[in-house]
Amino acid sequence: MDPPNPNAGYQGHLWVLVKQDDGTYLIETYDKDFAYKEHLYLEAPTKPGNGGYPRLKRRSESDLQSWVLLPVSSDPDTYAIRPKSFPEYALGLLDYNCVNGAHVVAHNSWGKPKLQHYWQLVEPPTSAV
(Lines give C-alpha, C1' and ligand atoms only; values in the text may rest on other atoms or scores of the structure.)
Protein backbone atom coordinates (compact mmCIF):
# COMPACT_ATOMS: atom_id res chain seq x y z
CA MET A 1 0.00 0.00 0.00
CA ASP A 2 1.28 3.46 -0.82
CA PRO A 3 1.90 5.84 2.08
CA PRO A 4 -0.29 8.97 2.27
CA ASN A 5 0.95 11.87 0.16
CA PRO A 6 2.31 14.54 2.55
CA ASN A 7 2.54 17.31 -0.07
CA ALA A 8 0.20 20.26 0.49
CA GLY A 9 -2.83 20.10 -1.78
CA TYR A 10 -2.46 16.34 -2.40
CA GLN A 11 -3.35 14.85 0.95
CA GLY A 12 -6.48 12.88 1.63
CA HIS A 13 -9.35 14.51 3.40
CA LEU A 14 -10.68 14.25 6.89
CA TRP A 15 -14.34 15.19 6.63
CA VAL A 16 -16.50 16.99 9.15
CA LEU A 17 -20.25 16.45 8.97
CA VAL A 18 -22.22 19.62 9.69
CA LYS A 19 -25.89 18.97 10.43
CA GLN A 20 -28.32 21.43 8.86
CA ASP A 21 -31.78 22.43 10.09
CA ASP A 22 -33.51 20.18 7.53
CA GLY A 23 -31.66 17.06 8.77
CA THR A 24 -29.23 16.92 5.85
CA TYR A 25 -25.48 17.40 6.25
CA LEU A 26 -22.74 19.48 4.73
CA ILE A 27 -19.52 17.57 4.19
CA GLU A 28 -16.77 20.02 5.10
CA THR A 29 -13.01 19.60 4.85
CA TYR A 30 -11.30 19.44 8.23
CA ASP A 31 -8.31 21.43 7.00
CA LYS A 32 -8.45 24.66 5.07
CA ASP A 33 -7.86 24.33 1.35
CA PHE A 34 -4.29 24.80 0.10
CA ALA A 35 -5.27 27.38 -2.55
CA TYR A 36 -8.32 29.15 -1.09
CA LYS A 37 -7.18 29.12 2.57
CA GLU A 38 -10.72 28.27 3.69
CA HIS A 39 -12.81 25.19 4.38
CA LEU A 40 -14.43 23.67 1.30
CA TYR A 41 -17.58 21.58 0.95
CA LEU A 42 -18.31 18.48 -1.05
CA GLU A 43 -20.77 19.30 -3.83
CA ALA A 44 -22.64 16.70 -5.85
CA PRO A 45 -22.28 16.87 -9.62
CA THR A 46 -25.07 18.54 -11.57
CA LYS A 47 -25.42 15.26 -13.47
CA PRO A 48 -24.38 12.19 -11.44
CA GLY A 49 -23.19 8.94 -12.97
CA ASN A 50 -20.23 8.21 -15.20
CA GLY A 51 -17.99 11.26 -15.32
CA GLY A 52 -20.08 13.11 -12.74
CA TYR A 53 -17.67 13.58 -9.88
CA PRO A 54 -18.45 15.44 -6.66
CA ARG A 55 -16.12 18.43 -6.24
CA LEU A 56 -14.80 20.52 -3.39
CA LYS A 57 -16.34 23.97 -3.61
CA ARG A 58 -16.70 27.12 -1.59
CA ARG A 59 -19.83 27.25 0.57
CA SER A 60 -23.02 28.05 -1.29
CA GLU A 61 -26.74 27.67 -0.61
CA SER A 62 -27.02 25.03 -3.33
CA ASP A 63 -28.83 21.78 -2.52
CA LEU A 64 -25.92 20.10 -4.31
CA GLN A 65 -23.94 20.62 -1.08
CA SER A 66 -26.62 18.88 1.03
CA TRP A 67 -26.18 15.18 1.79
CA VAL A 68 -28.48 12.63 3.41
CA LEU A 69 -27.06 10.01 5.76
CA LEU A 70 -29.02 6.79 5.37
CA PRO A 71 -28.56 4.06 8.02
CA VAL A 72 -27.68 0.79 6.25
CA SER A 73 -27.02 -1.70 9.04
CA SER A 74 -27.55 -2.36 12.71
CA ASP A 75 -24.27 -0.55 13.36
CA PRO A 76 -25.27 2.99 14.40
CA ASP A 77 -22.11 4.41 12.79
CA THR A 78 -22.56 2.92 9.29
CA TYR A 79 -24.37 4.92 6.62
CA ALA A 80 -24.78 5.43 2.91
CA ILE A 81 -24.34 9.05 1.87
CA ARG A 82 -26.79 10.27 -0.73
CA PRO A 83 -26.91 13.64 -2.48
CA LYS A 84 -30.13 15.39 -1.46
CA SER A 85 -30.76 16.30 -5.10
CA PHE A 86 -30.28 12.73 -6.37
CA PRO A 87 -31.74 10.22 -3.88
CA GLU A 88 -31.23 7.29 -6.28
CA TYR A 89 -27.43 7.79 -6.05
CA ALA A 90 -24.96 7.18 -3.22
CA LEU A 91 -21.31 8.01 -2.67
CA GLY A 92 -18.80 5.28 -3.40
CA LEU A 93 -15.24 4.93 -4.62
CA LEU A 94 -14.45 5.16 -8.33
CA ASP A 95 -14.43 1.64 -9.78
CA TYR A 96 -15.17 0.41 -6.23
CA ASN A 97 -11.42 0.15 -5.52
CA CYS A 98 -10.26 0.95 -1.99
CA VAL A 99 -6.80 2.33 -2.77
CA ASN A 100 -4.90 5.52 -2.02
CA GLY A 101 -5.83 8.30 -4.40
CA ALA A 102 -9.28 6.85 -5.20
CA HIS A 103 -11.88 9.39 -6.27
CA VAL A 104 -15.32 9.56 -4.70
CA VAL A 105 -18.22 9.33 -7.15
CA ALA A 106 -22.01 9.24 -6.96
CA HIS A 107 -23.07 5.79 -8.17
CA ASN A 108 -26.61 4.82 -9.04
CA SER A 109 -27.69 2.66 -6.09
CA TRP A 110 -30.63 1.14 -8.00
CA GLY A 111 -33.06 1.76 -5.16
CA LYS A 112 -30.97 0.57 -2.24
CA PRO A 113 -27.33 1.27 -1.35
CA LYS A 114 -24.99 -1.69 -1.71
CA LEU A 115 -21.98 -2.62 0.42
CA GLN A 116 -19.69 -0.43 -1.74
CA HIS A 117 -21.75 2.61 -0.65
CA TYR A 118 -21.25 2.03 3.09
CA TRP A 119 -19.31 4.60 5.09
CA GLN A 120 -18.46 4.43 8.76
CA LEU A 121 -18.36 7.40 11.09
CA VAL A 122 -15.27 7.44 13.29
CA GLU A 123 -13.57 9.78 15.70
CA PRO A 124 -10.65 11.61 14.06
CA PRO A 125 -7.17 10.38 14.94
CA THR A 126 -5.59 12.28 17.80
CA SER A 127 -2.88 13.56 15.45
CA ALA A 128 -5.57 15.38 13.41
CA VAL A 129 -7.10 17.18 16.39
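Further up the page is the structure itself.
Since the model is a prediction, treat every value here as computed from it, not as a measurement.

Some points on the pairing of strand S6 (residues 78–83)
S6 sits mainly inside the fold: six of its six residues count as buried. Judged by which residues are buried, S6 turns out to be covered on both faces: Thr78, Ala80 and Arg82 on one side and Tyr79, Ile81 and Pro83 on the other are all buried. Direction of pairing for strand S5 (residues 67–71) relative to S6: antiparallel, over a ladder of five bridges. By the bridge assignment for S6, proline 71 is matched with tyrosine 79.

Quick look at the side chain of histidine 107
Counting through the fold element by element, histidine 107 comes out in strand S8 (residues 104–108). Here histidine 107 falls in the buried class, since its relative accessible area comes to 13%. Of note is the side chain of histidine 107, whose polar atom sits 3.1 Å from the backbone oxygen of leucine 93.

Some details on the packing of aromatic side chains
Both the distance between ring centres and the angle between the ring planes are used here to describe each pair of aromatic rings. A complete count under the given rule lists one aromatic pair for this structure. When the centroid spacing of 6.4 Å and the interplanar angle of 80° are considered together, the rings of phenylalanine 86 and tyrosine 89 count as edge-to-face. Owing to a relative accessible area of 16%, phenylalanine 86 belongs among the buried residues under this scheme. On the accessibility criterion, tyrosine 89 (13% relative accessible area) is buried. The ring of tyrosine 41 has arginine 59 sitting right over it, with the charged end atom 5.8 Å from the ring centre.

Here is what the cut-offs are and how they apply
- Every residue gets a number counted from 1 within its own chain, in the order that chain's sequence is written.
- Two thresholds apply to this predicted model, a pLDDT of at least 70 for residue-level local features and 80 or more for giving and counting side-chain atom pairs, whereas whole-chain, interface and lining totals are computed over all residues.
- Working from all heavy atoms in the structure, the side-chain values ignore hydrogens and water.
- We call a residue buried when its accessible area falls under 20% of the maximum for its residue type, exposed when it is over 50%, and partly exposed in between, using a 1.4 Å probe and counting protein chains only.
- In DSSP terms, a helix is any run of H or I states spanning at least four residues, a strand is any run of E spanning at least two, and both are numbered starting from the N terminus.
- Strands qualify as paired when DSSP identifies two bridges or more between them.
- Contacts described as polar in this section are N or O atom pairs within 3.5 Å, which, within protein, must combine one atom able to donate a hydrogen with one able to accept it, while residues neighboring in sequence count only if both atoms come from side chains.
- Stacked, tilted and edge-to-face pairs are distinguished by plane angle, under 30 degrees for stacked and over 60 for edge-to-face with tilted covering the rest, among Phe, Tyr and Trp rings (Trp via its six-membered ring) whose centres lie within 6.5 Å.
- To sit over a ring, a charge needs its Lys NZ or Arg CZ within 6 Å of the ring centre and within 35 degrees of the ring normal.

Just distances and angles here, no functional claims.
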